[in-house]
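# Analysis of the macromolecular model
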Amino acid sequence: MTPLRPETRTVHLPQPPVEHSRPITMPLYQTSGFVFDDPAVMAEAMGRPDGPFVYGRYSNPTVRSLEQAVSDLEGGAGAVATGSGMGAINTVLLGLLKPGDHLIAQKSLYGGTAAMLNDLVARFGVTVTHVPEHDPDALRAAVRPETRLVYLETISNPMTLVADLPAMCAAARELGLVSVVDNTFASPLLCRPIEHGADVVVHSTTKYLSGHTDVVGGLAVFATDELYKKVWHYAIELGASADPFAAWLTLRGLQTLALRMERHCSNARLLATRLAEHPAVSAVHWPGLPSHPSYEIAGKLLPDFGGVFSFDLAGGRAAGERFMSRVRLALLAPSLGGVETLTLHPATTSHRALNADELARHGIGEGTVRIAVGIEHPEDLWADIEQALA
Ligand SMILES: *Cc1c(COP(=O)(O)O)cnc(C)c1O
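These notes cover the structure that comes with them. None of these values were measured; they are calculated from a predicted model.

## Points about the side chain of Ser 156
Structurally, Ser 156 is set in the loop between β4 (147-153) and α7 (165-174). Of the residues examined, Ser 156 reaches a relative accessible area of 0% and is grouped as buried. If we skip the residues at most four places from it in the chain, Ser 156 touches Gln 106, Ser 108, Leu 161 and Phe 185.

## Considerations on the site of the ligand
Around the ligand sit 13 residues, and of these Met 86, Asp 182, Ser 204, Thr 206 and Lys 207 come closest. Ser 204 places a polar side-chain atom, nitrogen or oxygen, 2.8 Å from an oxygen atom of the ligand. Between the ligand and the protein, one listed contact pairs an oxygen atom with a side-chain N or O atom of Lys 207 at 2.8 Å. Contact with the protein chains covers 91% of the free accessible surface of the ligand, which is 380 Å². The element best represented in the shell around the ligand is helix α4 (residues 85-96), accounting for three residues. Here the shell around the ligand is built from residues that sort into five nonpolar, six polar and two charged.

## A closer look at the pattern of salt bridges
Overall, the coordinates contain 13 salt bridges when judged by the stated rule. Asp 225 is the partner of Lys 229 in a salt bridge, and the nearest nitrogen-oxygen pair spans 2.6 Å. With Lys 229 and Asp 225 both in helix α9 (residues 225-238) and four residues apart, this pair spans about one turn of that helix. Residue Asp 225 is classed as partly exposed on the basis of its relative accessible area of 38%. Between Arg 274 and Glu 379 there is a salt bridge, with its nearest N and O atoms 2.9 Å apart. You can see Arg 274 sitting in helix α11 (residues 257-276) and its partner Glu 379 sitting in helix α15 (residues 378-389), a full 105 residues away along the chain. Overall, the relative accessible area of 27% leaves Arg 274 in the partly exposed class. The class of Glu 379 is partly exposed, set by a relative accessible area of 37%. The network of salt bridges with shared partners includes Lys 98, Asp 101 and Arg 148.

The rules we used
- Residues numbered from 1 in each chain as written.
- Predicted model: local features only at pLDDT ≥ 70, side-chain atom pairs only at ≥ 80, totals over all residues.
- Heavy atoms only, no water.
- Helix = DSSP H or I, 4+ residues; strand = E, 2+ residues; numbered from the N terminus.
- Buried < 20%, exposed > 50% of the residue type's maximum accessible area, 1.4 Å probe, protein only.
- Contact = heavy atoms within 4.5 Å.
- Near = heavy atom within 4 Å.
- Polar contact = N/O pair within 3.5 Å; in protein donor to acceptor, adjacent residues only side chain to side chain.
- Areas by Shrake-Rupley, 256 points an atom, 1.4 Å probe, with all protein chains shown as cover.
- Nonpolar A, V, L, I, M, F, W, Y, C, P; charged D, E, K, R; others polar.
- Salt bridge = Lys/Arg side-chain N within 4 Å of Asp/Glu carboxyl O.

Right, dumping it as structure tokens:
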């Protein structure tokens, strides 16, 4: 062959092989596809999730590393990483439900999930019944011949209700229903729902798993290979796959999850305990306090309670707004699970469209403040909160 011209050589770049050694950390495979020597091997690779890598929407080594890591942590048979937490939830629900199906969901749900369920009802003819997250009898009473699925959250937002996963998942299994648990708030370090009978676990990896407020991602873990393969095929059609760079950032964050989680939990414990004694605060919603409705279930299910909780200011809406305008270290921002402490006042931000009655139905007061505690020094956080409450 004649020597290749510069126009061609700038396109076909060298790839030095990495032999007799391997990278310490998982490399970022920023490529949309893979090259084959044998067309038969390529054809075969396209049909299964565990074959050779072929195309980015199907899978990618960096994404697969994240899927395996979280699947192992959760005790699953396989996982599908997605572009966002909602991507994971949609992939699972659309992959497992069909028009006419009925699902049972707990009452208190992440806002995006609640909106998605409304859409399933309005546009796809799925019906939904809501039951309390701790009541397996209510779940049994809600079952119909067309019921397929039970949807739960380990720890809810912002009132931190803890689902009775062992009782609810056992009831679901007994009734032949697939149970899906959003484990975002707990992370696999505080709870592994599959150990409590769940069939599918979903995560917004945007939160604790990545942990540095720099990436949006999601992931679904499946208890059985059968469920994994079924949803994997649908995930490819849906195109909700994770980007390799987002997966790479998430892997990097995951390496410090245990250290971060310990600090999130101990910081939240200190702030919740002190806030409960503060005269400007009328209630603290943290499952580690005996006054919390989930105190008993949380004590059995979780070794610690995560970094998100909410509290009610005695001064109502005005006090909530004042608190938000005064905090300095705690940042007024959505999201949670990152190293920085973030706070928001649902009545004037995320839930501003609701009146007092509607807020009350979500268990949110006009003076409720949500705080997602970061990993700063707890006394610096307390000093900030104290001056904002003064
Ligand atoms: C953030 C969040 C989601 C949605 O995740 P995105 O990554 O924002 O799509 C779902 N469930 C819970 C509990 C969350 O906190």
